[in-house]
Amino acid sequence: MRRSVAAALLLAALGLIASPVAHAQPQPLTHNDYDRWEEIEAQSISDDGAWVLYRTSPPKGDDTLQVKRVAPRRTHTIPRGERARFTADAQFVPFMIAPPHDSTRQARLDDVPPPKRPKPDLGLLNLSSGDTVRVDRVQSYKLPNGGTDWIAYHHEPPRPDSSDADEENGGTPDGAPLTLRRLDSGETWRYEHVTDYAVAEKGPLLTYTAADTNGHSLHAVRLDGAAPQATTLHSGEQTYPQTALDDAGTQVVFLNGPDSTDVSHHDNTLYYWTTGDAAPTVLVQSGAAALPNEWLVSEQADLSFSADGSRVFFGTAPPPPAPVKTDSLLEEEQVEVDVWHWQDPYLKPMQKERAEGKKEQSYRAVHFLEADRTLQLATEAVPAVTVADEGTGDVALGVTNRPYRQALSWDWPPAYDAYLIDLQSGERERVLQDLQAVPQLSPTGAYLAWWDREARDWKGLNTDTQERMTLSASIPHAVHDHRHDVPYPAGPYGLAGWTEGDAQVLLYDEHDVWAVNPDRPGDARAVTDGVGRTNDLRLRPVSLTDDRDPAAWGDWPNPVTPPHRGAGHAAPLGLPR
């Protein structure tokens, strides 16, 4: 009885017990009500499980960052906090502090130039003491080695009208300061004119590029001592459009090429440096024999290492046509003409929409460091390639929709061909044809999996024997989406990922998750034990780790979208929904 009375009093205090009149006259929702609804975003759990953080975001206005200790309960509420993460030891939470929404909006209404608009600040929350350090005007931060000892943050350039602006360049600064800060002592080191920087995920190494009136330079900074140890790797008039570090923090690759924007691809050189080297060495130059038809090393694709650091992935591209000279023509004398042929792969509006992306299209290649060998993976015929086992596998999957682009005008979903590529020999073989789904490569590369829309089943292929199987054959419930209500065959509920060593693939029905051994697809097992169907719930795995994007070892241009990471393996790939 006491509980009932207490509950009634609480509901009454909250205004949740309404009078009969209120029930008879419900108030309609207005746009003001919608503006109060908030979403929970950017959730994260500390590695030790003691803390959680998330951001609440209203439709209009300022976000709020919440950092909460599980036990004993403690909450830090940070107005306008965003881009927060825990350090590896769960001692600090760095985050960005966005400028107030109203002031940013007003600056845009007043047409204030971007350099003079309000800028974000950096916050650094000490979880032990609850104290927060704030640094004004910071554009980004990164955590070398997971943030166990250091944080690096890149300041905003000085305001054009400030005393710190570069007067020799008309008030426009070359780069901005970069600060390195020891998390334990708060001691800082500052580097000037920095244009970009990168850190190793699991090692004590940072690189930064700088630009001033003397030219461009690239530097490596070791962070395994009491103070940073900086080394100049390269300098000159040309710029450094791409830089990458291996996870362990012992290797660096970078591009060096012309500082211009006249064309999308330039004559770049790929360099390599490892700790202890006196100077970087050339890995690949534009026009190298291993590249097709005098192709260039392109700055349009990100550089990356394989997970074990033995391979370097980079982009290549055909030489762009020379810019058209219009200096001899007046503006009214210049003519633009649209030319289209009925056999073109895309309709003219689609060609226009994709024109800029086509100019910047690059094609993935790999360099094997130990063998000093370069292999072109993607081509114009097969532009999308991803490599198994976090870039260390001997098999890659190539996907193309080129033969079926015309059909996009009347058929959907898009169709694809799939190729298996041997990274040792470079040979490629088409194994799937005219498939209305994007196939995926299992983490170690042992299998392909794809959705068969006509059969409403998951199919699989052994990449070694090329034996095919129906992965969902023994799942007793439908694996196609029953909510599908458009005039083409239904898609799947989804694929969650793979277990260790590609032993099992995890598939969804409407409610539960099923584990299937690809070699014995007749023995599907309900991982969730039917709890979802029994209780009318939808059970799905949630990944607690930030796995690396598989696009790091491949390239998935439109309309092919990159696979998502699933649960159950350090590097699972999933089929886009």
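Residues numbered from 1 in each chain as written. Predicted model: local features only at pLDDT ≥ 70, side-chain atom pairs only at ≥ 80, totals over all residues. Heavy atoms only, no water.

Peer 1: Before we move on, could you go through the overall build of the protein chain and cite the residues and values that matter?
Peer 2: Within the protein chain, the secondary structure is distributed over six helices and 37 strands. By residue count, 45% of the 577 residues in the protein chain fall in the buried class. Carbon and sulfur atoms form 48% of the exposed surface of the protein chain, whose accessible area is close to 30,500 Å². (Helix = DSSP H or I, 4+ residues; strand = E, 2+ residues; numbered from the N terminus. Buried < 20%, exposed > 50% of the residue type's maximum accessible area, 1.4 Å probe, protein only. Areas by Shrake-Rupley, 256 points an atom, 1.4 Å probe, with all protein chains shown as cover.)

Peer 1: Any details on the pairing of strand β25 (residues 384–387)? Residues and values, ideally.
Peer 2: In β25, alternate side chains face the same way, and those of A384 and T386 on one face and V385 and V387 on the other are all buried. Sheet topology note: the β25/strand β26 (residues 395–400) ladder contains four bridges and is antiparallel. Within β26, the position partnered with V385 by the bridge is G398. (Pairing = 2+ DSSP bridges.)

Peer 1: Talk me through the side chain of Q251; I want residue IDs and the actual numbers.
Peer 2: Structurally, Q251 is set in strand β17 (residues 251–256). Engagement of the side chain of Q251 in a polar contact is seen with the backbone oxygen of G309, the distance being 3.0 Å. Every residue in contact with Q251, bar those within four places of it in the chain, is listed here: A244, L245, D246, Y272, W273, T274, F305, G309 and L369. (Polar contact = N/O pair within 3.5 Å; in protein donor to acceptor, adjacent residues only side chain to side chain. Contact = heavy atoms within 4.5 Å.)

Peer 1: How would you sum up the nonpolar core? Please name residues and give values.
Peer 2: Grouped together as the largest cluster of nonpolar side chains are 32 residues, with contacts concentrated most on L448 and L507. Going through the elements one at a time, β26, β27 (416–422), β28 (428–435), β30 (447–452), β31 (457–462), β33 (495–498), β34 (505–508) and β35 (513–517) are the ones with two or more residues in this core. Sequence-distant contacts of L507, that is, excluding residues within four places in its chain, are made with W458, L471, S472, I475, G494, L495, D512, V513, W514 and V516. (Core = buried A, V, L, I, M, F, W, Y, C linked by side-chain atoms within 4.5 Å.)

Peer 1: Mind laying out the packing of aromatic side chains, listing which residues take part and the relevant values?
Peer 2: In the structure shown here, the tally under the stated rule is seven aromatic pairs. Pairing Y240 with F254 gives two aromatic rings, centres 5.8 Å apart and planes at 65°, and the pair type is edge-to-face. You can see Y240 sitting in the loop between β15 (229–236) and β16 (243–245) and its partner F254 sitting in strand β17, a full 14 residues away along the chain. Overall, the relative accessible area of 7% leaves Y240 in the buried class. (Phe/Tyr/Trp six-rings, centres within 6.5 Å; stacked < 30°, edge-to-face > 60°.)

Peer 1: Can you explain the confidence of the model for the protein chain? Please cite residues and give values.
Peer 2: Averaged over the protein chain, the pLDDT score is 86; the fraction of residues at 70 or greater is 88%. Residue range residues 1–22 is modelled with pLDDT below 50. Its contacts to residues more than four positions away, or to other chains, number five contacts. Scored below 50 in pLDDT, residues 548–577 makes 111 contacts in the model with residues more than four places away or belonging to other chains. (pLDDT = per-residue confidence, 0-100.)

Peer 1: Any chance you could break down the sheet that holds strand β6 (residues 92–97) for me, citing the residues and the numbers?
Peer 2: The strands that make up a sheet pair up through hydrogen bonds in the backbone, lying either parallel or antiparallel. Pairing is antiparallel across the open sheet formed by four strands, whose spatial order is β5-β6-β7-β8. Each having just a single partner strand, β5 (81–82) and β8 (132–135) make up the two edges of the open sheet. Relative to β6, β5 is paired through two bridges, and the arrangement is antiparallel. Looking at β6, one finds that G81 is bridged to I97.

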